[in-house]
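# Close look at the chain arrangement
Listed below are the residues making up each chain.
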Amino acid sequence: MIKKNTTLGEFIIENQSSFQYSSGELSKLINAIRLAAKVVNHEVNKAGLIDIIGNAGDINIQGEDQQKLDVLANDKFIQTLKNREIVCGIASEEEDDFISINSSDNKNQNKYIVLIDPLDGSSNIDVNVSVGTIFSIYRRVTPLGTTVTLEDFLQPGREQIAAGYIVYGTSTMLVYTTGDGVNGFTLNPALGTFYLSHPNMEFPESGMIYSINEGNYVHFPQGVKDYIKYCQKEEGDRPYTSRYIGSLVSDFHRNMIKGGIYLYPKSSVAAEGKLRLLYECNPMAFIAEQAKGKASDGFRAILDIKPTELHQRIPFFCGSRKMVEKAEEFMQGK
Ligand SMILES: O=P(O)(O)OC[C@H]1O[C@](O)(COP(=O)(O)O)[C@@H](O)[C@@H]1O
Ligand SMILES: [Mg+2]
Ligand SMILES: [Mg+2]
């Protein structure tokens, strides 16, 4: 039984033995992510005092204005992982292509690749609303010692070895899973140490919160419109409460604690929705399922979808199991 207030470092070591491939490589990797999270947290907390607010001036592969903090967070995570030679490849929402990492002997014996959304909730950076980082870890499928290929990154989400997010909010938390439940750690800024504050996190089976950008209502499929009407109807335990922060990590985190559903459906202006399958939907779906929640595109489990492109988008329905099942019923016209 892991005691509350165990530090993240202790938790990683204690959990290493319970992990079938316990060569220590995964522990080193999560430790590196922990370090990069603290570096980015330090910068995020100074937003407004130093020059990290606003556009960086470039358009990223997503066609979005890159924010200065997108670029900073991207650089910090990639540098931290590269410098420690603990991965053989990295893919990022902010990078056009994946990065293959060959160690100094040009023979990369590392077995893990990392996919990151370095800064999630970019539209909230300038207005001091909580943002986050999302990460996803897979075991490579190509032979050790060779250079990674696209094939390594286009694995179904169910193949993830670990996934997690950091939320830079009222407090900074790192929440992750290695396929054995979900645990949340809160940063003590004075000590720079993450402590286990939320052991065994689980979505309540149902809840009273729905999170969707209703500003897009006119563009939504009929199934989504009907589901929103269902949430707003005075009947039984409804109407539900509408809460939408505009940062996936923060909306997801709240819904996991209180019970709720987050929806970013496709629409007449976004054929496949907005969220990225590899950097956002797969890791959050892995965490959701590990926390007894559910995640789908309205029809298929997100984790069973075979990715076809590095930056593909997918409709996303995620949260308390019964609420996602209800939304799926509306999407499927039942
Ligand atoms: O402003 P919209 O269209 O509602 O989109 C908000 C969604 O887009 C995102 O900001 C996309 O993530 P990035 O900030 O990493 O691009 C999600 O965090 C959020 O849920
Ligand atoms: Mg994002
Ligand atoms: Mg982002």
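Sequence order as written defines residue numbering, which begins from 1 separately in each chain. Working convention: letters from A go to chains and numbers from 1 go to ligands, in the order in which they are written. Reporting in this predicted model follows two pLDDT cut-offs: at least 70 for local features of residues, and 80 or more for side-chain atom pairs to be given and counted; totals over whole chains, interfaces and linings ignore these cut-offs and use all residues. Excluded from the side-chain calculation are hydrogens and water; included are all heavy atoms of the structure.

This next bit is on the UniProt feature "domain: Fructose-1-6-bisphosphatase class 1 C-terminal" (unreviewed entry) in the chain. UniProt positions are given in the numbering used here, feature names are shortened, and annotations may be inferred rather than shown by experiment. As recorded in UniProt, the feature "domain: Fructose-1-6-bisphosphatase class 1 C-terminal" (unreviewed entry) lies at residues 204-332. Structurally, residues 204-332 comprises 36% helix and 13% strand, and the distance from its first C-alpha atom to its last is 24 Å. By definition, any uninterrupted DSSP run of H or I lasting at least four residues is a helix, any uninterrupted run of E lasting at least two residues is a strand, and each is numbered from the N terminus.

What follows covers the pattern of salt bridges. Salt bridge, as applied in this entry: a Lys or Arg side-chain nitrogen positioned within 4 Å of an Asp or Glu carboxyl oxygen. Applying the stated criterion to the full structure yields 18 salt bridges. Across the pair Lys322 and Glu205 runs a salt bridge whose closest N-O atoms are separated by 3.4 Å. One end of the pair, Lys322, is in helix α8 (residues 321-331); the other, Glu205, is in the loop between β10 (193-198) and β11 (209-211), with 117 residues separating them in the sequence. Between buried and exposed lies partly exposed: a residue is buried under 20% and exposed over 50% of the maximum accessible area for its type, with that area taken using a 1.4 Å probe on protein chains only. On the basis of relative accessible area, Lys322 is assigned to the partly exposed category, the value being 43%. Classification of Glu205 by relative accessible area gives partly exposed; the value is 43%. In this structure, the salt-bridge partner of Glu235 is Arg238, at a minimum N-O distance of 2.6 Å. By relative accessible area, which is 10% here, Arg238 ends up buried. What you see here is one network of salt bridges that share partners, running through Glu64, Glu93, Arg276 and Glu280.

Moving on, we get to the confidence of the model for the chain. Predicted coordinates in areas of low pLDDT are best not read in detail. On average, the chain scores 94 in pLDDT, and the residues at 70 or more come to 96%. Overall fold confidence for the complex sits at a pTM of 0.97, while the interface term, ipTM, reaches 0.98. For every residue, the predictor reports its confidence as pLDDT, a number between 0 and 100.

For the pair helix α1 (residues 8-16) and helix α2 (residues 25-44), the least separation of the axes is 10 Å and the interaxial angle reads 165 degrees. Between α1 and α2, the angle is such that the two are roughly antiparallel. As α1 runs across α2, the sense of the crossing is right-handed. Residues Leu8, Gly9, Ile12 and Gln16 of α1 form the contact with α2, whose participating residues are Ser27, Ile30, Asn31 and Arg34. Simply put, an axis is a line fit to the C-alpha atoms, just over the touching stretch for a helix, and the angle between two N-to-C directions goes from 0 to 180 degrees. Working rule for angles: under 35 degrees goes down as roughly parallel, over 145 as roughly antiparallel, 65 to 115 as roughly perpendicular, anything else as oblique. Here is the rule for handedness: rotate from the far helix to the near one, and if that takes an anticlockwise turn smaller than a right angle the crossing is left-handed, while a clockwise turn gives right-handed. Contact definition: two residues touch when any of their heavy atoms are within 4.5 Å.

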